[in-house]
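Each chain, written out:
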Amino acid sequence: MKEWLYFASRPRVVRRSLKFGVVVGTILIVINHGSALVEGDFSAERLLRMGLTVMVPYFVSTSSSVCAMKEQAREKETEEA
């Protein structure tokens, strides 16, 4: 877990994940909550759902980046051995 958090907190991973979270999250918000937004439905529950909608692609991107970085580190260790 410590290694995962180390990779996940790297600035380039955070920046990349934020970009994906905002872009993909915005698209998903429009798809899933567009009619509610047009109607002005900004209830606490709706805002919570919208926040979670942005967090999902952020965490998917972060997880993907961490897995790729860990695999790359393992391959490098194997080559050096």
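Residues numbered from 1 in each chain as written. Predicted model: local features only at pLDDT ≥ 70, side-chain atom pairs only at ≥ 80, totals over all residues. Heavy atoms only, no water.

### Focus on the packing of helix 2 (residues 11–39) against helix 3 (residues 44–80)
Counted only if it meets this: Here an angle of 0 to 180 degrees is reported between the N-to-C directions of two axes, which are lines fitted to C-alpha atoms, with helices fitted over the stretch in contact. Helix and strand definitions here come from DSSP, where helices need a minimum of 4 consecutive H or I residues and strands a minimum of 2 consecutive E residues; each element is numbered from the N-terminal end. Crossing handedness follows the turn of the near helix against the far one: under a right angle anticlockwise gives a left-handed crossing, and clockwise gives a right-handed one. Polar here means any residue outside two lists: the nonpolar Ala, Val, Leu, Ile, Met, Phe, Trp, Tyr, Cys and Pro, and the charged Asp, Glu, Lys and Arg; Gly therefore counts as polar.
Direction vectors running N to C along helix 2 and helix 3 enclose 145 degrees, while the axes themselves pass 7 Å from each other. Read as a crossing pair, helix 2 and helix 3 show a hand that is right-handed. Residues belonging to the contact of helix 2 with helix 3 are distributed by class as follows: 14 nonpolar, 8 polar and 4 charged.

### Section: the packing of aromatic side chains
Where we set the bar: The criterion for an aromatic pair is that two Phe, Tyr or Trp rings (for Trp, the six-membered ring) have centres within 6.5 Å, with stacked assigned to planes under 30 degrees apart, edge-to-face to planes over 60 apart and tilted to the rest.
Tallied over the full model, the rule gives 2 aromatic pairs. Taken together, a centroid distance of 5.4 Å and an interplanar angle of 80 degrees make the contact between tyrosine 58 and phenylalanine 59 edge-to-face.

### Comments concerning helix 2
What counts, and what does not: Bend angle per residue: angle between axes fitted to the 7 residues ending at that residue and the 7 residues starting there. Whether a residue is buried, partly exposed or exposed follows from its accessible area with a 1.4 Å probe, protein chains only, as a fraction of its type maximum: under 20%, in between, or over 50%, in that order. We call two residues contacting when some pair of their heavy atoms lies within 4.5 Å.
Along helix 2, the largest kink reaches about 75 degrees and is centred on histidine 33. When helix 2 is considered as a whole, its buried residues turn out to be Val13, Ser17, Gly21, Gly25, Ile29, His33, Gly34 and Ala36. At its buried positions, helix 2 is contacted by helix 1 (2–8) and helix 3. Looking one or two places after helix 2, you find glycine 40, whose phi comes out positive at around 80 degrees.

### Considerations on the nonpolar core
Which entries qualify depends on this criterion: Buried residues of nine kinds, namely Ala, Val, Leu, Ile, Met, Phe, Trp, Tyr and Cys, make up a nonpolar core once their side-chain atoms join them within 4.5 Å.
If you look at the biggest cluster of nonpolar residues, it comprises 5 residues: Phe7, Ala8, Val13, Val66 and Met69. Only helix 1 and helix 3 provide two or more residues apiece to this core. Aside from chain neighbours lying at most four places away, what touches alanine 8 is Val13, Val14, Thr62 and Val66.

### Some thoughts on the side chain of threonine 62
Applied cut-off: Side-chain atoms alone can form a polar contact between residues adjacent in sequence; in general such a contact is a pair of N or O atoms within 3.5 Å, and within protein one must be able to donate a hydrogen while the other accepts it.
Take threonine 62: it is sitting in helix 3. Within the structure, threonine 62 has its side chain in polar contact with the side chain of serine 17 (distance 2.8 Å). Filtering out sequence-adjacent residues up to four positions away, threonine 62 remains in contact with Trp4, Ala8, Val13 and Ser17.

### Concerning a negative patch on the surface
Note the threshold: Nonpolar side chains (Val, Leu, Ile, Met, Phe, Trp, Tyr) are joined into patches within 5 Å and like charges within 9 Å, using only residues with over 30% relative accessible area and no salt bridge. Computed with the Shrake-Rupley method and a 1.4 Å probe, the accessible areas treat only the protein chains shown as cover for residues. Only one rule defines a salt bridge in this text: a Lys or Arg side-chain nitrogen within 4 Å of an Asp or Glu carboxyl oxygen. Neither His nor the chain ends is counted toward charge; the positive residues are Lys and Arg and the negative residues Asp and Glu. To locate a charge, the coordinates of NZ of Lys, CZ of Arg, CG of Asp or CD of Glu are taken.
A grouping of Glu71, Glu75, Glu77, Glu79 and Glu80 is seen on the molecular surface, where their side chains present a negatively charged patch. Looking at the secondary structure, you find glutamate 80 in helix 3. Classification of glutamate 80 by relative accessible area gives exposed; the value is 60%.

### A few points about a nonpolar patch on the surface
Together, Phe20, Val23, Val24, Ile27 and Ile31 make up a nonpolar patch on the protein surface, roughly 470 Å² of accessible area in all. Tracing the backbone shows valine 23 in helix 2. Assessed through its relative accessible area of 52%, valine 23 is described here as exposed.

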